[in-house]
Amino acid sequence: MESSFHSSSSTSSTEDIVIYGKPGKLFIISLGFVLIGILMMVIGQSEEADAFILIAVGIVSTLVFGLCMLYFLMRLIKPRPALVIDLEGLTDHSSYVNGGRIRWEEIEDIVLYSYMNQHMIGIQLKDAEGYVSSHKGLKRLLIRMNKNMASADVSIMKQSVSENLEKVYLILLKHWKQSQGNAVKEGS
């Protein structure tokens, strides 16, 4: 199996690290939740008690995971890296609610954490509200919802990268700490 780590330069101090995602697996998971949502709506129509709750949860599940399914289908048709790590920062395209371009100096902390048995890399930003307000529409709403559920401004899920999450975390942490050391040297 080919590694998903790719470098764009042969010089180790200046190479970009490119990590690809797993959109096929995430597409199938999303499809499963869409089917469960549809099933809940069908069952809700035949039940007297709790019908409203089943139908409402089915609709929400179908809509949310339907959007996710479309996003992962687009990633299957037109692949792009989930993460690109370089000297200036990282570019996160690991999900629809991705961080986009984040410069090292914008980061307050990088942590590993779990939420509902999902392992993730959490990125705390120095100006979280500025980050949220830089996005528009549905994406802004989803970022706010994600922030309220998770303990990080930007989250990278284990399922969204094809490499070992701890390995990706250590690479991010190393580059971020190196950038802090370079900032101190430049400021001296």
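Residues numbered from 1 in each chain as written. Predicted model: local features only at pLDDT ≥ 70, side-chain atom pairs only at ≥ 80, totals over all residues. Heavy atoms only, no water.

### Concerning the confidence of the model for the protein chain
As a note on interpretation, predicted positions should not be read in detail where pLDDT is low.
Part 1: Averaged over every residue, the pLDDT of the protein chain is 81; residues scoring 70 or more account for 82%.
Part 2: Element-level pLDDT for the protein chain is lowest in strand β1 (residues 5–7), with a mean of 48, against a maximum mean of 93 in strand β3 (residues 83–85).
Part 3: Every residue in residues 6–13 scores below 50 in pLDDT, and together they form eleven contacts with partners more than four places removed in sequence or on other chains. (pLDDT = per-residue confidence, 0-100. Helix = DSSP H or I, 4+ residues; strand = E, 2+ residues; numbered from the N terminus. Contact = heavy atoms within 4.5 Å.)

### A short note on the nonpolar core
Part 1: The biggest cluster of nonpolar side chains holds 25 residues, and the ones touching the most others in it are L90, I107, I110, I121 and L172.
Part 2: For this core, the secondary structure elements donating two or more residues are β2 (17–19), β3, β6 (107–115), β7 (118–125), α3 (128–133), β8 (154–157) and α5 (165–187).
Part 3: For this core, the element with the most residues is α5, which contributes seven residues.
Part 4: Among all residues touching I121, those that are not within four sequence positions of it are I110, V111, L112, Y113, V154, S155, I156, L165, V168, Y169 and L172. (Core = buried A, V, L, I, M, F, W, Y, C linked by side-chain atoms within 4.5 Å. Buried < 20%, exposed > 50% of the residue type's maximum accessible area, 1.4 Å probe, protein only.)

### Here's the deal with the packing of aromatic side chains
Part 1: Evaluated as defined, the whole model comprises two aromatic pairs.
Part 2: Consider the rings of F33 and F65, whose centres lie 4.4 Å apart with planes at 20 degrees: the pair is stacked. One end of the pair, F33, is in helix α1 (residues 23–46); the other, F65, is in helix α2 (residues 51–77), with 32 residues separating them in the sequence.
Part 3: Residue class for F33 comes out partly exposed when judged on its relative accessible area of 35%.
Part 4: Taking relative accessible area as the criterion, F65 reaches 27% and is therefore assigned partly exposed.
Part 5: Arranged with centres 5.4 Å apart and planes meeting at 75 degrees, the rings of Y71 and F72 form a pair that is edge-to-face. Across the pair, exposure class does not vary: Y71 and F72 are buried alike. (Phe/Tyr/Trp six-rings, centres within 6.5 Å; stacked < 30°, edge-to-face > 60°.)

### Focus on the sheet that holds β8
Strand pairs in the sheet, formed through backbone hydrogen bonds, run parallel or antiparallel to each other.
Part 1: Taken together, three strands build an open sheet; the order of strands is β6-β7-β8 and the sheet is antiparallel. Since the sheet does not close on itself, it has two edges, and those belong to β6 and β8, each with one partner. Neighbour-to-neighbour, the strand axes of this sheet turn through a mean angle of 25 degrees, independent of strand direction. (Pairing = 2+ DSSP bridges. Axes fitted to C-alpha atoms, helices over the stretch in contact; angles between N-to-C directions.)

### Focus: the environment of W176
Part 1: By secondary structure assignment, the location of W176 is in helix α5.
Part 2: The exposure class assigned to W176 is buried, which follows from its relative accessible area of 5%.
Part 3: C-alpha of W176 to C-alpha of L90: the two residues are 86 residues apart in sequence and 9.4 Å apart in space.

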